[in-house]
Structures are given as C-alpha cells and as structure tokens.
Amino acid sequence: MSGVYNGLTAKLSAIVPTHIHTWCYAHVLNLVLSDAAQVLPSTISFFGLLQEAQVFLNESLKRQQKYKEENPAFKLGAIGATRWRSRSDACVKIFGRIDNWVLEQSQPPKYVFYELAVALHSMSLSNEFNAKVRAEASGILGKFLNFETIVIAMTFLQIFKITTPLSDYLQTKNLDYAQAWRLVESAVIRLIAIRDKFDETLTAAKTFILKFKEKVDASNEQDTLNNMTIENDFKKKRLKKVNKMPGEICDDERIESPESSFRVNVFNCIVDTVIQTMKNRFVKQKSLYLDLALFDPKRFPQTIEKLPENAFDKICELVASLDKDKLREEMASFINVWPTISRKTIEQDYTTDVFENPDTYGGDYDNDDTEFLECNVKNKCNTCIKCAFDVIVEYNMYSLQYTELYKVYKYLLTIPLTQVTCERVFSKLKLLKTRLRATMSNETLEAFILMHTERDNIEWHRI
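Basis of the calculations
Starting from 1, residues in each chain are numbered consecutively following that chain's sequence as written. Local features in this predicted model are restricted to residues of pLDDT 70 or higher, and side-chain atom pairs are both shown and tallied only at a pLDDT of 80 or more, whereas totals for entire chains, interfaces and linings draw on every residue. Water and hydrogen atoms play no part in the side-chain values, which are based on all heavy atoms of the structure. Under the DSSP-based scheme used, a helix requires at least four consecutive residues in state H or I and a strand at least two consecutive residues in state E, with every element numbered from the N terminus. Burial classes follow relative accessibility: with a 1.4 Å probe on protein chains only, a residue under 20% of its type's maximum area counts as buried, one over 50% as exposed, and anything between as partly exposed. We treat Lys and Arg as the positive residues and Asp and Glu as the negative residues; His and chain ends play no part in the count. Only one rule defines a salt bridge in this text: a Lys or Arg side-chain nitrogen within 4 Å of an Asp or Glu carboxyl oxygen. Polar contacts here mean pairs of N or O atoms no more than 3.5 Å apart (in protein, one a potential hydrogen donor and the other a potential acceptor; neighbouring residues in sequence count only if both atoms are side-chain atoms). Throughout, a residue-residue contact means that at least one pair of heavy atoms, one from each residue, lies within 4.5 Å. The definition of a nonpolar core used throughout is a set of buried Ala, Val, Leu, Ile, Met, Phe, Trp, Tyr and Cys residues joined through side-chain atoms within 4.5 Å. Only centres within 6.5 Å qualify two rings of Phe, Tyr or Trp (six-membered ring in Trp) as a pair; their planes then separate them into stacked at under 30 degrees, edge-to-face at over 60, and tilted for everything else. A helix is expected to reach a length of 1.5 Å times the quantity of its residues less one. The arc in question is the one spanned by the directions pointing from the helix axis to the C-beta atoms. Per-residue confidence from the prediction method is given by pLDDT, with values spanning 0 to 100.

> What am I meant to see in the side chain of E330 here?
Following the sequence through the fold, E330 ends up in helix α17 (residues 324-343). In this structure, E330 is buried with no salt-bridge partner, the nearest side chain bearing the opposite charge being K326 at 4.1 Å. At a separation of 2.9 Å, a polar atom in the side chain of E330 contacts the main-chain amide nitrogen of L405. With near-sequence residues (within four places) excluded, E330 lies in contact with Q401, Y402, T403, E404 and L405.

> Explanation requested: the nonpolar core in the structure shown.
Nonpolar side chains in soluble globular proteins generally cluster together in the buried interior. If you look at the biggest cluster of nonpolar residues, it comprises 88 residues, and the most contacted ones within it are L50, F95, F113, F144, M154 and M278. Excluding residues within four positions of it along the chain, F95 makes contact with F46, L50, W101, Y111, F113, F144, A153, M154, L157 and F208. By size, the runner-up hydrophobic cluster in this structure holds 32 residues, among which are C316, I392, V408 and Y411.

> Can you walk me through the pattern of salt bridges in this structure?
Pairing between side chains of opposite charge can happen when the charged atoms of each approach one another. Taken as a whole and assessed by the stated rule, the structure comprises eleven salt bridges. Among the charged side chains, a salt-bridge network with shared partners connects R85, D89 and D168.

> What exactly am I supposed to notice about the packing of aromatic side chains here?
Geometry of an aromatic ring pair is reported as the spacing of the ring centres plus the angle between the planes. The full count for this structure, using the stated rule, is 28 aromatic pairs. Judged by centre distance (4.9 Å) and plane angle (70 degrees), the rings of F113 and F208 are edge-to-face. Taken as a pair, F113 in helix α7 (residues 113-125) and F208 in helix α11 (residues 198-218) lie far apart in primary sequence, 95 residues in all. This pair shows no difference in class: F113 is buried, exactly as F208 is. Ring geometry for F198 against F262: centres 6.2 Å apart, planes inclined by 35 degrees, an arrangement best described as tilted. Placement of the pair is F198 in helix α11 and F262 in helix α13 (residues 258-282), with a sequence separation of 64 residues. F198 sits in the buried class, given a relative accessible area of 1%. With a relative accessible area of 5%, F262 lands in the buried category.

> Can you walk me through α11 in this structure?
The periodicity of an α-helix, 3.6 residues per turn, causes residues three or four places apart in sequence to face the same way. When the terminal C-alpha atoms of α11 are compared, their 30 Å separation across 21 residues agrees well with the 30 Å that a helix rising 1.5 Å per residue should span. All buried positions along α11 are accounted for by F198, T201, L202, A204, A205, F208, I209, F212 and V216. Buried residues along α11 cover an arc of 160 degrees about the axis, so they all sit on one side.

> Just checking my understanding: could you explain the confidence of the model for the protein for this structure?
One rule of thumb: low pLDDT means the predicted coordinates there are not for detailed reading. Averaged over every residue, the pLDDT of the protein is 80; the share at 70 or more is 83%. Within the protein, the element-level pLDDT minimum falls on helix α18 (residues 346-351), averaging 59, and the maximum on helix α8 (residues 131-144), averaging 92. For residues 368-373, every residue scores under 50 in pLDDT, and the model assigns this stretch five contacts once sequence neighbours within four places are set aside.

> Teacher, can you tell me more about the side chain of T403 here?
Within the secondary structure layout, T403 lies in helix α20 (residues 403-412). Residue classification places T403 among the buried residues on the basis of a relative accessible area of 16%. Here K326 takes part through its side chain, which lies 3.2 Å from a polar atom of the side chain of T403. If near-sequence neighbours (up to four positions away) are discounted, T403 is found in contact with K326, E330 and Y398.

Below you can see the structure in the form of structure tokens.
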C-alpha cells in the first residue's frame, strides 16, 4: 500500500501528482498496538497466552462449566485481528485496570484472574478430565502465575489506559481534525511519561499479587489451593560467560540484576516501540489536518479575530488552482457572516429592524443557548463541515462570492480522517449475509444494508 515505487500511493501519485493518501487514524493506532504486541518474544507469548486461555475454555462445554462455577458473570475475551479493542478488553478482563493496583479503590475491582486460576487449578487436579487436558490446564496456569507475565500485563494496562480512549474517539462520527491531532499528541506525551514509571508498574504488579494471595488465604478451599503458588519476583538467570579474545583488555558491563534487565530489555522496549511508531505513523499529514480544521464551523469562534499566518499553506500547495490571498479573504468573510446565514429565520427578518438595532442582527458565537441537533436528512446541525458546504451551495454563494471556499469544501469532504463507517458496513454485511440467507437477491441484500447503516435517517413509523 505505501511502497515508494510499487505501492498504491506511488501509482496514484504518478497519475495525479496532487493525490493524497490519508490513512485511517483508527487503523493506524491499531497498527501501533500490533507492533507493540509483536516487538518481543515475551509480548508475543503474553497475548498468545490470553488467546490460549480463551480457546482452551471454549473448546469444551465441560471446561466452560468448570470456569462458570468460579465466575458465571464474566467471559474471557478473544483477541482478533479486526477487533481493535480486543487486546485491551482481553487484558482488562483478566488483570483489571491499572488504577485498581496503583490507586486506592473504595470498591473491589472487577477482574477474573483469581477465578480463572482456580478453575485451571481444579482442572489440572480433577480426574474428570483426561491427561492431555490436565497438562494443558497446568501449563496455562503456570504461565499466568509467572511474575514476568504479570509485570508485562501491568505495562500494557498502562498503555491501554491512554490508547483505548483515543481509539474510541477516532471511531466516532463527525471527527474534529484538529482535536484528533491534539489527542494524538497528548497520547504521545503521556506515553513518554510512562517510560519513567517502571517502579510504579512494578509496585502495581506486587499489589496485584498481594491481593491474589489474600483471596487464596480467605478461600474455603485453602488446602487445595496451597499448591498454587504465584511468583512475587523475577527469576535470577545465570549469566552466560563470555570468553575473552587474546589481547582483549576491556570487560563488557553486563546487567546482573534481573529487575534492571527486564526494565531495559522488555519494559523500555515496549514503551519506546509504541512512542516511536506513533510518531512515525501519525506525523505525515499534520499540517494538512490543521489547515482543514479551520474550515469546521465548530472552530469559527477561535479564528474570528485572526487567521494564523501560515494557514492554508498546505491546502494551497495541494490544490494548485487556489488563490491563497483570496481564500483568506473569503474565509474571514464567511466566518463573520456564518452565525447570520446559518441561524437567522424569516420570522426574525420581519420582526427585527437591522438599521435601527444593529446589535440584533443575525447571531453571534457567544450564544450559549444554541441547540446542537444531530445532523441528518431532516435536521441540520449547522456545526459541521457538511452543513457549511450545503449553505454555500443552497444559496448559490459558490458562483461569485465564495469561489475559492467552495473548492476547498469540495476537496475537504473527499478526505476522510477515518474509514470506520466503511468498515462497519462490511461488519453489517457479515451479519446479514449468513448461510441461512445465501439465496438472498442482491436487491434485497442492498435494501437490508441500507436499513442497517442509515437507520438514523429512516422514518420507521412510515414503514
């Protein structure tokens, strides 16, 4: 897709030099987390363990029943390549949230680590299961009780605390370009701060282990659970002796502490990968998105006084036919008249004498009583880019008054910040086109898809 010579971007740019290949921000963030999940063998093993536990329980109704005896309310989450929250949800369900172990909580946290461990321990000892199942349960349990696994979980919980809200915002409708970029920058700054919080992550892991031991001690099956021991520190590994070459004088300074070794080789590597990948993947279209954000009516109150000096540099570079000076004039004029042309009604025209009371003319940006409607076919919100374009077209302002502005709005409406809506159409198709509906005609299938994707614009009472 992004190859310099044979990628889709390169081929389209050869035909249209001003072509812009914008990546979906939600997809990009998912790729960042995918890179972090595969950066080290230990991180691959960690998420493989979460998936392995979910598959192991779901393979058999008997195993599911054994798990439900301990925890009937929460199911384990599967990790999928197309579900962007799957890694976060699977990790949070088992280990809880990072604030549960860093901050003092008035209510007990919701997580299933203890119940999962007890269920696996029971399966490994029960004669109801064959030797293979018992061995698999014992192996999965041993991996969960490993101290390094718990510290890696706390590390990713720190990361997910920042990236998951950002991912949710990037999947919403009517995104604000500038706000999306600000949230990305804020996430990078917060991730950089995490790099110095290894001690906090280690404390969270030890608090997690302490709570687990308290639950084991308070259990009615304490005698049975005594064999289920959880590690509370890193294992000391024997350092490999490196032979000196003849004439070699200097010695390599090797990290002897297992804690320091984990911090350098695992924790810092995970956090640095997330930070560097976000910087590399999100930085390409910053100037373009900041330019396009100025055309959003929600941003008009901030730019009514003065536009930035370097505003529209990038958009004028891409659209060669634009006159930058004229565009700035049209934009300043449009911002000033927008409250009037977007909100004033015929009734106000009849009841207001503008020349005697100039202060009553139109509207202003300080009116807090403005009702923000959901923008659809019947209602116009007058706060989105589409509504601004509709006003220019509906009142024929594009012919002479706002010619340059009209070009920019047409260009802007074709550049998406996210393709989540398109992805959801395919998800709806997967739900509709099942094996039981394999003989559905294309016309019927198209009607069902439109009903599902455009349900907000359908007058259901008339159907």
